[in-house]
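Each chain, letter by letter, is given below.
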Amino acid sequence: MPHTLASLVNHTALKLDVLAGEDRLDVPVRWAHASELIDPVPYMEGGELLLITALKLDAEDPETADRYVRRVAGAGVVGLGFAVGVNYEAAPEALVEAARRHHLPLLGVPRRTPFIAISKAVSAAVAADQYRAVTAGFEAQRELTRAALGAEGPAELLGRLAAHLHGWAALYDASGAVVAAAPEWAARRAARLAEDVARLRERPAPASAVVSDAEGDDRVELQSLGTGRRSRGVLAVGTGAPLGTAERYAVHSAVALLTLTTERSRALQDAEQRLGAAVLKMLLAGEPDHARTVSGRLYGGLLDAPFRVLVAEPVPADDQPTAPKPATPFTPGGGPPGAAATPVLEALADAMESAAARTGEALLAVPDGGRLIVLVADGGAAADACTAFAAATEARLGAQPRPRGRSARPGTGREPQAASLAVGLSAPTGPMAAAHAYRQAEQALSVARRRGRALVEHEDVAAGSVLPLLADDAVRAFADGLLRALREHDATGRGDLVASLRAWLARHGQWDAAAADLGVHRHTLRYRMRRVEEILGRSLDDPDVRMELWLALKATSAQPGE
């Protein structure tokens, strides 16, 4: 415990007398300092016992004494030690009254007690207090180390830390979710700090912050965990007062231990990534038995139940929906170095890994060039975390998430803003059909980019319409080329072949119904369809020709003149 004025008064060798401020002797003393300056305030830091003989101070003058005492008390001096029998035979009454008036303890120092003795006593007490703090800190470090190595790991460590601080402690994972807290009620308190934790995670580790809110009556300190550019977690501790030396040692020890448990070595990460890439390559090559053998306990549980394949890639925030990219073969480690380490993919991977870790799920994540390929348990926490992340991404960019199982409705007149992330999710599958599921995820990813959505499931693709996929420059160029001869014919005023073709196809080749829609005789319509065949050099009896013409008409239906 810190040294106080009371402990100095009770020091038998010093024989100090209390002349004023008997009720304020429990204040800590940081140091003892002798000064005969008329104004020693510029040289004070606060917490000192100021020793004086009043060599230059007119201590008998009430105004002078009051001004002096008021100044030093305002500077944080905790007490005055007045040498009795040096310049004054007794402490002047004006000085005593000023000390009482300003509630500043005044101690009488007998002539036989040198100021150096008081300074030594304070110094020894401060050194002893620091030694006790360091000893307590090392003891806390040993306890925390044993807890970290125990079966409960971080949870037990947080419990020991909270007990040592007489407060509470909580651990956040890389996604900002609370994964453990001690005592149990602290989880609710920690959840209210989500925004503060998110701001701290954006800063390079190590970083710290002191926060508070209107509902909390404690002092909360946040410490980031990790050694690299990205924080791997955050430790929060709440106490009723600022941390002392021993408590600070304990917190620093906890940060170091939690960093070791949350920050895996780069070599281990690389090894797991290479193993995951090998397992995925075997699955996509149609070798599920070999994949099971290689995955062992690390990924084996994932392959024993239905899983989904997820393919994600970043999309610039100002990117507009573009044409679907061709399917990309899986090439572990393909692409430029570091291409997969984009912030949005890192955040998605963190969210899914954190969710999987909380429920004990296996998760296989493999960077592939500028993309991320993930195998997740069907209906598991990681898949839900991906869905939530995508919904949050769309909401942040002002796009409303699409209801599950529905596709975009064409012709609404407005397109959603492109999301900064595109994710394609396959249907549930097993190891034997992993390659097919990968193709499904690729197709869903293409549709996600086309529609400007953050997440599209393969079921959404199957349930939707093919028409939105026609809004592609290459498709429109094909359609324009296919219909160009008919439009050029119509432009000469020799008939309306394009409109007639559209009506006839819309009526499934029913002459009377199509002619009625056009307001012409059916023989006129038959003549026009023969002209279409002559101009195009293709037979309308061929269902493939009819399909191509119908899709060409739909692809160009929004163009002027149609």
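None of the values given here were measured: they were computed from a predicted structure.

A. Inspection of the packing of aromatic side chains at higher detail. The final tally for this structure, using the stated rule, is 3 aromatic pairs. Between Trp504 and Trp511, the aromatic rings sit 5.5 Å apart at their centres with planes inclined by 40 degrees, giving tilted as the arrangement. Given a relative accessible area of 22%, Trp511 falls into the partly exposed group.

B. The arrangement of the pattern of salt bridges in detail. For the structure on display, the rule yields 26 salt bridges. When the shortest N-O distance is used, the salt bridge between Asp368 and Arg371 registers 3.4 Å. Per residue, the accessibility class of Asp368 equals that of Arg371, and both read buried. Among the ionic contacts, a cluster of salt bridges with common partners joins Arg308, Asp378, Glu457 and Glu459.

C. Spatial organisation of the pairing of strand 14 (residues 421–425). Among the 5 residues of strand 14, 5 are classified as buried, and the element is accordingly described as predominantly covered. Sheet topology note: the strand 11 (residues 307–314)/strand 14 ladder contains 5 bridges and is antiparallel. The residue of strand 14 that forms the bridge with Pro314 is Leu421. Sheet topology note: the strand 14/strand 15 (residues 455–457) ladder contains 3 bridges and is parallel. Following the sheet pairing, Gly424 is matched in strand 15 by Val456.

D. A look at the packing of helix 16 (residues 497–506) against helix 19 (residues 543–555). Running from N to C, helix 16 and helix 19 cross one another at 115 degrees; their axes reach a closest spacing of 10 Å. In terms of crossing hand, the pair formed by helix 16 and helix 19 is left-handed. Here Val498, Leu501, Arg502, Trp504, Leu505 and Ala506 of helix 16 come into contact with helix 19, specifically with Arg546, Leu549, Trp550 and Leu553. The residue inventory of the contact of helix 16 with helix 19, partitioned by class, reads 8 nonpolar, no polar and 2 charged.

E. Highlighting the environment of Arg451. Relative to the elements of secondary structure, Arg451 occurs in helix 13 (residues 434–451). Residue classification places Arg451 among the buried residues on the basis of a relative accessible area of 6%. Sequence separation of Arg451 and Ala422 is 29 residues, and the distance between their C-alpha atoms is 9.7 Å.

Conventions we followed
- Residues numbered from 1 in each chain as written.
- Predicted model: local features only at pLDDT ≥ 70, side-chain atom pairs only at ≥ 80, totals over all residues.
- Heavy atoms only, no water.
- Phe/Tyr/Trp six-rings, centres within 6.5 Å; stacked < 30°, edge-to-face > 60°.
- Buried < 20%, exposed > 50% of the residue type's maximum accessible area, 1.4 Å probe, protein only.
- Salt bridge = Lys/Arg side-chain N within 4 Å of Asp/Glu carboxyl O.
- Helix = DSSP H or I, 4+ residues; strand = E, 2+ residues; numbered from the N terminus.
- Pairing = 2+ DSSP bridges.
- Axes fitted to C-alpha atoms, helices over the stretch in contact; angles between N-to-C directions.
- Left-handed = near helix turned anticlockwise from the far one by under 90°.
- Contact = heavy atoms within 4.5 Å.
- Nonpolar A, V, L, I, M, F, W, Y, C, P; charged D, E, K, R; others polar.

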